[in-house]
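# Per-entry structural report
What follows is each chain in one-letter form.
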Amino acid sequence: MSQKTRQLRQLRGRLNKEYIMKMLDLLTKEQWTDFEKNLHNNWGVNACAYNEAGATFTGFKNFVTPLCKEIKAHPEGIQAICSVAHQHMAKQAKDKGATIIEPCDAGLLKICTPLFINDEFVGIIGGCGRLPEGEEVESFIVHKATGVTLEKVEELAKEVPTITMEKAQEMATFLENFVADIQAKAVGNA
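Predicted model, so just to flag it, every value in this text is computed and none were measured.

### Comments concerning the packing of helix 6 (residues 139–146) against helix 7 (residues 150–157)
Two elements in contact, helix 6 and helix 7, have axes separated by 9 Å at closest approach and are oriented at 130 degrees. Relative to helix 7, helix 6 is oriented oblique. Viewed along their axes, helix 6 and helix 7 form a crossing whose handedness is right-handed. In this structure, helix 6 uses S139, F140, V142 and H143 to contact helix 7, whose residues at the interface are L150, V153, E154 and A157. In the contact of helix 6 with helix 7, the residues fall into five nonpolar, two polar and one charged.

As structure tokens, then:
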């Protein structure tokens, strides 16, 4: 924890106000961006860190497939598929205090790991965009949500890489270990 953060916490404590930990108290914006890039490059997912309000904060844009890029190119696609999946799964992860692995409405796997410091919810880390092995992209849903022709969606769906549940669980373990390291450092510096 930086000296500035420590001083701010002390000041707020003296003012008798409870300090609420933020993602940027734990790592810098650059460190979070590096984490997202690492997750994207090493695990082949659309990687993201979200703050306690569910908003992204690094500005890093990454797409593991042209299908994801197409969905996110349409505000209605983001709203109907990506945002709904994130809100639903992030709430589950926060409520259960555990990683959630589930497909979005497009059929692509999303992995969400909550980050808590001293039982205080700080944010979510994770990734999405891979097709569970043996499953199919929900092309019709993507077509309806985005307005992109069904033919184009089906063509883009052919390029979506698969992921086994075993590999998804390995990624979840990676995320959980990353969170555990952050928690240990944050609690040690409190």
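### Some words on the packing of aromatic side chains
Applying the stated criterion across every chain yields a total of six aromatic pairs. Between W32 and F35 the ring centres are 6.0 Å apart and the planes differ by 90 degrees, which places this aromatic pair in the edge-to-face class. In this pair, W32 and F35 are both assigned in helix 3 (residues 29–43), three residues apart and thus about one turn of the helix distant. Classification of W32 as buried rests on a relative accessible area of 0%. Here F35 falls in the buried class, since its relative accessible area comes to 4%.

### What to know about the side chain of T58
For T58, the position within the fold is in the loop between strand 1 (46–51) and helix 4 (66–72). Here the side chain of T58 touches E36 through a polar contact of 2.5 Å, side chain to side chain. A polar contact of 3.2 Å, which involves the side chain of T58, links it to the backbone nitrogen of F60. Leave out the neighbours within four places in its chain, and T58 touches K29, W32, T33 and E36.

### Description of the packing of helix 5 (residues 75–96) against helix 6
Where helix 5 meets helix 6, the closest approach of the two axes is 8 Å, and the angle between their N-to-C directions is 135 degrees. Considering their axes alone, helix 5 and helix 6 lie oblique with respect to each other. Between helix 5, through E76, G77, A80 and I81, and helix 6, the contact on the second element is made entirely by V142, A145 and T146. Residue classes in the contact of helix 5 with helix 6 are distributed as four nonpolar, two polar and one charged.

### Remarks on the pairing of strand 4 (residues 120–132)
Every regular strand shows the same layout, with side chains that alternate between the two sheet faces. Counting buried positions along strand 4 gives twelve out of 13 residues, so the element sits mostly inside the fold. Pairing between strand 1 and strand 4: six bridges, direction antiparallel. Bridged to C48 within strand 4 is G126. Two strands pair when backbone bridges link them, and strand 3 (residues 109–117) and strand 4 are joined in this way by nine bridges, in the antiparallel orientation. Within strand 4, the position partnered with K110 by the bridge is C128. The antiparallel hairpin formed by strand 3 and strand 4 contains two residues in its connecting segment, where N118 sits at a positive phi of about 50 degrees. Pairing of strand 4 with strand 5 (residues 162–163), which is carried by two bridges, proceeds in the parallel orientation. Each bridged residue has a counterpart across the sheet, and for P132 the counterpart in strand 5 is I163.

Definitions and limits used
- Residues numbered from 1 in each chain as written.
- Predicted model: local features only at pLDDT ≥ 70, side-chain atom pairs only at ≥ 80, totals over all residues.
- Heavy atoms only, no water.
- Axes fitted to C-alpha atoms, helices over the stretch in contact; angles between N-to-C directions.
- Helix = DSSP H or I, 4+ residues; strand = E, 2+ residues; numbered from the N terminus.
- Parallel < 35°, antiparallel > 145°, perpendicular 65-115°, else oblique.
- Left-handed = near helix turned anticlockwise from the far one by under 90°.
- Contact = heavy atoms within 4.5 Å.
- Nonpolar A, V, L, I, M, F, W, Y, C, P; charged D, E, K, R; others polar.
- Phe/Tyr/Trp six-rings, centres within 6.5 Å; stacked < 30°, edge-to-face > 60°.
- Buried < 20%, exposed > 50% of the residue type's maximum accessible area, 1.4 Å probe, protein only.
- Polar contact = N/O pair within 3.5 Å; in protein donor to acceptor, adjacent residues only side chain to side chain.
- Pairing = 2+ DSSP bridges.

None of the figures reported here should be taken as evidence of function without further support.
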